Protein chains: 2
Amino acid sequence: MSTCRPETEEFDSGFDLGSSGGAAKKYSVVNLKQVLLLGIVLCASSVAASGQNLAERLGYAPGTKLIIVHADDLGETHAVNAAAIKAIESGAVNSASLMVPCPWFPEIADYAKSHPDADFGLHLTLTSERVYYRWGPAAPTDRVPSLVDENGYFYHDWEQNQRVDAKDVEIESRAQIKRALAMGVRPTHLDSHQYRLIMTGKDLFDAMLRVAHENKLPVFVTRDWFADHPYLQESLSPADIVLDHTVTIDPEVLPEKWAEFYIKALTNLQPGVTEFVVHPGFDNEELRAATRERSTWGAAWRQRDYDFFTSEEFRKILAQQNIKLITWRELGHRVAAK
Amino acid sequence: MSTCRPETEEFDSGFDLGSSGGAAKKYSVVNLKQVLLLGIVLCASSVAASGQNLAERLGYAPGTKLIIVHADDLGETHAVNAAAIKAIESGAVNSASLMVPCPWFPEIADYAKSHPDADFGLHLTLTSERVYYRWGPAAPTDRVPSLVDENGYFYHDWEQNQRVDAKDVEIESRAQIKRALAMGVRPTHLDSHQYRLIMTGKDLFDAMLRVAHENKLPVFVTRDWFADHPYLQESLSPADIVLDHTVTIDPEVLPEKWAEFYIKALTNLQPGVTEFVVHPGFDNEELRAATRERSTWGAAWRQRDYDFFTSEEFRKILAQQNIKLITWRELGHRVAAK
């Protein structure tokens, strides 16, 4: 998704979510090239366009740099749960979102229940992404027919022009929230796995937003995305929280340049609230097997994210750059207090 | 389930599937004590009672000892898939059954599709057994209401007196077979995870048998179980394959006595066809986490099974005792040829 890339990093628009081998298939990501490109432009321009950034509107001094260090995909595998919990407990990661339909959700729900102060949102999940390890909806499969394949799994991903019914999105999103609440999770925000509910058009974004409003939960949206997806701005009201920027690493970054990418992003960070979307995981047998059809967001990738964000280097640069941490819970409280 | 225990092994009827810690709960297994006790008696008596054992009826010479070395629970975790595949490819295990509703089923289905000669049955699965790692039905949850809890998962296990609708069992069993066939699996037999469709009464067994007959698949049943569950014999016809015995290790065997248990079982093996129900798995992070609420059928247990059945000791004793291997596929062919 949109990325505030370090300005000195060379940008390559090629983006391959697929690789060969076994039953693996190649999946395309709609418009990612444009989204990534746009992110770069907007990182520099969005503050000027809006007058005040989110931090200022929440009462912070001009120039304040706040970040949410947000782990994605909790519940997907044990390797991701274990790494995320360790990163959270070390203070390296301060927010995360949970994939309710995934097999390891009960493990992370149990943790969430016994750690009610943790800043956990729900990572609304409508695709099963992987090839050898899959899951289906929380709602009955026959209630969400446009979301499932002939075997009852979520589609790996959505093809361009695939018809996804907004009604099914609402039903499934509500089912995921209902299950999370029933299992003791008290979410602080919603976001969307693989950004599918952000980037697939107004109908699906509106469905997500309706469910979010019903549950009084903020949705992860950043102004970086408005120019490419104008319907986001059209649908949001002034009462909705909109972040200023987001940073996530992209597949063109070489493994040995991982830390350099993040250090540059932190050094060049714009004022306002930025969510770092990170994917900690342990590079072990389970995660290697679960992600083996392609290297993007794979086991080694996730280990590199874990290693950087739990490093002393990361802590140091936060201090050096006077970057403060903020959570979705704090954002919610500040907005409520306004 | 019923077990031909080595005669010299001391028998302790205590059986605990539960342990404390976290969200773990204690689950009882209906009548397991009686079933285990009965197995011992029947191991000595069932051949005499029926006149001819299955091996003889299939044309083998009197006294022939045939075993199926059958790995259970494929598809449940990657650690189980990986260990089972290695055990199968080394020749140590010659048959297995797959859990269709489980998250790692796509991995083993892909293997089955590319290894059409492998002797894979379907391990009909109507419980989710574990606490931190769970799954639900292959059928839409609203079509099988008596099988799922309020969150759409299969129940961990069935309580005594829990009402399970035989219609739901049929719907779900058909859905599992349909998904397996659609994903390229050509099953050679059916069996039942945690023996739930064997030991929960005539209605559920008959439901399983109807689905098996529709699909022309044999069901794993042994004469060892008839005295305790007379409805099995009542429901089966002479055309159904009925094994003579089964051996499975029980929770009272100490880890250091693991090999000794199996060696005694093989040394004291009765003539006829015996299924060894084994649970190979790798004792790694994933399996330890998935099974951590109790040690029974846990990661270390499964590693011990893997270690024994892939050992040189196991191969040697088969040769010493003149024990031959047979698969469900071969049984099916021999029955069809009669």
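For the structure itself, consult the block above.
Below, the structure is looked at part by part. By convention here, each chain's residues receive numbers from 1 onward along its written sequence. Chains and ligands are labelled by the order in which they are written, letters from A for the one and numbers from 1 for the other. For a predicted model such as this one, the threshold for reporting local features is a pLDDT of at least 70, and the threshold for listing and counting side-chain atom pairs is 80 or more; totals across whole chains, interfaces and linings nevertheless cover every residue. To obtain the side-chain values, all non-hydrogen atoms of the structure were included, while hydrogens and water were left out.

Moving on to the pattern of salt bridges. A pair is scored as a salt bridge if a Lys or Arg side-chain nitrogen falls within 4 Å of a carboxyl oxygen belonging to Asp or Glu. All chains considered together, the criterion is met by 34 salt bridges over all chains. When the shortest N-O distance is used, the salt bridge between Asp73 of chain A and Arg302 of chain A registers 2.8 Å. With Asp73 of chain A in strand S1 (residues 65-74) and Arg302 of chain A in helix H11 (residues 299-309), this pair connects stretches of sequence that are 229 residues apart. Note that Arg223 of chain B is salt-bridged to Asp244 of chain B, the shortest N-O span being 2.4 Å. With Arg223 of chain B in the loop between helix H7 (202-214) and helix H8 (230-235) and Asp244 of chain B in the loop between H8 and strand S5 (245-247), this pair connects stretches of sequence that are 21 residues apart. Using a 1.4 Å probe on the protein chains alone, a residue whose accessible area is under 20% of its type maximum counts as buried, one over 50% counts as exposed, and one in between counts as partly exposed. Here Asp244 of chain B falls in the buried class, since its relative accessible area comes to 0%. Secondary structure elements are defined from DSSP: runs of H or I of at least 4 residues count as helices, runs of E of at least 2 residues count as strands, and each element is numbered from the N terminus.

Here we take up the pairing of strand S2 (residues 95-98) of chain A. Residues and elements named next belong to chain A. Residues Ser95 and Ser97 line one face of S2 and the alternating positions Ala96 and Leu98 line the opposite face, and both faces are buried. For two strands to be treated as a pair, DSSP must find no fewer than two bridges joining them. Where S1 and S2 come together, three bridges link them in parallel fashion. What sits directly across from Ala71, in S2, is Ala96. Seen with the strands pointing away from the viewer, any crossover whose path from the first strand over the helix to the second strand runs clockwise is right-handed. Between the parallel elements S1 and S2, the chain passes through helix H3 (residues 78-89) in a crossover that is right-handed. By the bridge criterion, three bridges tie S2 to strand S3 (residues 120-124) in an arrangement that is parallel. Across the sheet, Ser97 pairs through a bridge with Gly121, a residue of S3. Note on the crossover from S2 through helix H4 (residues 105-114) to S3: the handedness is right-handed.

At the interface, 30 residues of chain B touch 30 residues of chain A. The buried area of a pairing is the accessible area, by a 1.4 Å probe, that goes missing from both parts when the two are put together, added over both. With both sides pooled, the region where chain B packs onto chain A buries about 2,600 Å², and carbon together with sulfur makes up 54% of that total. Looking only at chain B, the three residues that lose the most surface to chain A are Trp104, Tyr132 and Asn151 of chain B, adding up to 21% of its buried area. Where chain B packs against chain A, one counts two salt bridges. Linking Glu107 of chain B and Arg292 of chain A is a salt bridge whose minimum nitrogen-to-oxygen distance equals 2.8 Å. Here a polar contact is recorded for every N or O atom pair within 3.5 Å, except that within protein the pair must consist of a potential hydrogen donor and a potential acceptor, and residues adjacent in sequence are included only if both atoms are side-chain atoms. Where chain B meets chain A, there are 10 residue pairs in polar contact (both at pLDDT 80 or more). Elements represented by at least two residues in the side of chain B that touches chain A include exactly helix H4 (105-114), helix H5 (166-182) and helix H10 (285-290) of chain B. Note on contacts: a residue pair qualifies if any of its non-hydrogen atoms lie within 4.5 Å across the two residues.

Time to look at helix H9 (residues 258-267) of chain A. Helical geometry: 3.6 residues make up each α-helical turn, so side chains three or four residues apart lie on a common side. All names here are of chain A. Residues of H9 that are buried include every one of Trp258, Phe261, Tyr262, Ala265 and Leu266, and no others. The arc that holds the buried residues of H9, viewed along the axis, is 125°, so those residues lie on one side. The inward-facing, buried residues of H9 contact S1, strand S5 (245-247), strand S6 (272-278), H11, helix H12 (312-320) and strand S7 (323-325). Picture the helix axis, draw a direction to every C-beta atom, and the arc is the one those directions span.

Attention now moves to the nonpolar core. Only buried residues count toward a nonpolar core, which is a set of Ala, Val, Leu, Ile, Met, Phe, Trp, Tyr and Cys residues joined through side-chain atoms within 4.5 Å. With 206 residues, the main nonpolar core has Phe105, Phe276 and Leu331 of chain A together with Phe105, Phe276 and Leu331 of chain B as its most contacted residues. With sequence-adjacent residues up to four places away left out, Phe105 of chain A is seen in contact with Gly75, Leu98, Met99, Val100, Arg179, Ala180, Met183 and Val185 of chain A together with Tyr153 of chain B.

Superposing copies: least-squares fit, C-alpha atoms only, residues required to have pLDDT of at least 70 in both. Each copy superposes on the other: chain B lies on chain A with an RMSD of 0.0 Å after a rotation of 180° and an axial shift of 0.0 Å. Read as a symmetry element, the transformation amounts to a two-fold axis. Measuring from the rotation axis to each C-alpha of chain B, the shortest distance belongs to Pro140 of chain B, at 2.4 Å. Most of the interface of chain B is mirrored in chain A, where 100% of its interface residues are also at the interface.

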